[in-house]
Amino acid sequence: MGIMVTVDELKARLRELCPAEGIDLAGAVPLPCRLPLAGKFRSWLADGRHGGLEYMLRDPETRLQPGLNQGGNGTLLVFAQGYTRGWPLHDTDPSATGRGDLQSPWTAGVARYARGRDYHDILLKAIKGVLRDLRSSWPDLVAHASCDTGPYLEREYAWLAGLGFLGKNTCLIHEKLGSGLFLGVALTNLELEDAAVFGPGGRPRAEPLYGVVPRHRRQVETAYLSACGRCTRCIDACPTGALGPDGGLDAGACISNWTIEQRGEVPVDRVKETGGILFGCDICQAVCPWNNRAAGRDLPPVVAEYDTLSEHDQVGLADLAAIDAREFRRLFRHTPLWRCHPEGMRRNAARVLAFRTAQGSQEGK
Ligand code: B12
Ligand code: SF4
Ligand code: SF4
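Only a predicted model underlies this, so the values are computations on that prediction, with no experimental measurement involved.

Some remarks on the overall build of the protein
Right, on to step 1. Counting its regular elements, the protein contains 14 helices and 8 strands.
Right, on to step 2. Counting the 365 residues in the protein, one finds 44% classified as buried.
Right, on to step 3. In the protein, of all internal contacts separated by at least 6 residues, the share reaching a separation of at least 24 is 79%.

Written as structure tokens, this is what we have:
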């Protein structure tokens, strides 16, 4: 049974509950909804741009129709939690975003999203905290929360919920906070009485229910990619040409995919430039002006759990290139780095070592 609520009631509760859970933005998508970019997603799969990410092939239609198992009704709540407050301009030098000859393998070679505790745990706990408290208002609330791993195109729903716009780097970007945001969702049996204020299904909302309201509302509301304007910095900066000229990413060419998800040798012909990058890739976000501006703002800090990697500062690249399963577990069990398995970490560290050695011998000449 659906629970009838008004948008204002939901908004009031989210505004009360999200700050305590360290959530920056929250919004809602009334279901069923039509995803304006569904065709792009289907052709992305059909063209093989999922680059070996086989889980993306599993039941793709479910990603386009959340609520399928509940008859397609209800409301999808969407949440965003910051892990970094932008990237300062000096990070736009690729040598500072992972390819520099720095002392620590951590500060430069690991993408910022992975420099803390595992976001799947942290954000999911925060969302479940909000849902638990919502039950005090609506005891019959049914809700399934997920972060990253559920069958949702999270960025598209975040966009529809008014949390930001989709950039040419394919990330969800908030006008004030930038794109250093994790996303999570909760499929609920809430029924928004006045869902019509959201406009016809599939039309993005101009603002979130909780969080900073964007200034360029019309842009966010009406046009995908419009807030990028003529900027192409991310496309130009991507060392492997993984970003298409007008949106879309070829995961087979993306360093993030190769250093996190894929096992085995990195095919040199496809990904020549993993260089000094140990894990993940931030280049297309670090060059983004929305992130450079966010770094200059006086924003509240991100939750402390997203900034703990300095604990590993004593571990060197040579240690990582030879790491065994037990040590890998001890160091990384509850961090995003867990995802690459010891085998991936050894491979990545060996590549970075080789890269830095070659760089060093060139400088020595
Ligand atoms: C698979 C995946 C990846 C893959 C593929 C990335 C990708 N862009 O698809 C890899 C491993 C490469 C990856 C990398 C990263 N990821 Co990831 N990833 C996911 C995951 C699990 C699914 C994404 C997905 O559905 N991709 C399918 C494609 C088709 O979706 P899409 O790119 O959004 O495509 C749309 C548009 O590009 C557009 N489009 C496509 N082609 C075209 C063509 C034209 C002409 C046009 C106009 C439009 C267009 O339409 C598509 C459909 O709407 C999500 C979690 C989730 N469940 O959603 C996290 C997620 C997207 N990742 C996340 C993060 C943090 C990252 C990294 C930043 C990590 C890092 N530092 O290394 C990088 C960013 C790389 C990048 N520029 O996207 C966050 C993003 C948060 C944000 N603010 O956007 C998410 C949401 C996880 C989370 N819960 O927080 N990721
Ligand atoms: S994450 Fe790196 S490799 Fe992937 S699209 Fe962005 S800049 Fe290119
Ligand atoms: S770098 Fe430019 S084109 Fe790329 S996402 Fe940011 S604003 Fe858009």
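Considering the site of ligand 3
Right, on to step 1. Around ligand 3 lies a shell formed by Gly 167, Lys 168, Asn 169, Cys 228, Cys 231, Thr 232, Arg 233, Cys 234, Val 287, Cys 288, Pro 289 and Trp 290.
Right, on to step 2. Every element with two or more residues in the shell around ligand 3 is listed here: helix H8 (233-237) and helix H11 (289-295).
Right, on to step 3. A breakdown of the residues in the shell around ligand 3 according to their chemical character gives 7 nonpolar, 3 polar and 2 charged.
Right, on to step 4. Taken together, domain 1 (3-86 + 112-223) and domain 2 (233-364) each give at least three residues to the shell around ligand 3, which thus spans both.

A closer look at the environment of Val 287
Right, on to step 1. When you line up the elements, Val 287 lands in the loop between helix H10 (283-286) and H11.
Right, on to step 2. Classification of Val 287 as buried rests on a count of 24 C-beta atoms within 10 Å.
Right, on to step 3. For the pair Val 287 and Arg 233, spaced 54 residues apart in sequence, the C-alpha to C-alpha distance is 6.4 Å.

Points about the nonpolar core
Right, on to step 1. With 91 residues, the main nonpolar core has Ala 26, Val 29, Leu 76, Val 78, Tyr 157, Ala 158 and Leu 172 as its most contacted residues.
Right, on to step 2. At 8 residues, the largest contribution of residues to this core is made by helix H5 (residues 119-137).
Right, on to step 3. Structurally, this core is a two-domain feature, drawing no fewer than three residues from each of domain 1 (3-86 + 112-223) and domain 2 (233-364).
Right, on to step 4. In this structure, Tyr 157 is in contact with Val 29, Leu 76, Val 78, Tyr 152 and Val 185, ignoring residues within four places of it in sequence.

What about the pairing of strand E4 (residues 143-146)?
Right, on to step 1. Alternating residues of E4 divide into Ala 143 and Ala 145, all buried, and His 144 and Ser 146, none buried.
Right, on to step 2. Pairing analysis gives 4 bridges linking E4 to strand E7 (residues 181-188), with the strands arranged antiparallel. In the sheet register, Ser 146 faces E7, and the bridge partner there is Val 185.

Thresholds, definitions, all that
- Residues numbered from 1 in each chain as written.
- Chains lettered and ligands numbered in written order.
- Predicted model: local features only at pLDDT ≥ 70, side-chain atom pairs only at ≥ 80, totals over all residues.
- Helix = DSSP H or I, 4+ residues; strand = E, 2+ residues; numbered from the N terminus.
- Buried ≥ 20, exposed ≤ 12 C-beta atoms within 10 Å, placed from the backbone.
- Contact = placed C-beta atoms within 7 Å.
- Near = placed C-beta within 6 Å.
- Nonpolar A, V, L, I, M, F, W, Y, C, P; charged D, E, K, R; others polar.
- Domains from an automatic or database assignment.
- Core = buried A, V, L, I, M, F, W, Y, C linked by C-beta atoms within 7 Å.
- Pairing = 2+ DSSP bridges.

Treat this as a map of the structure, not an account of what it does.
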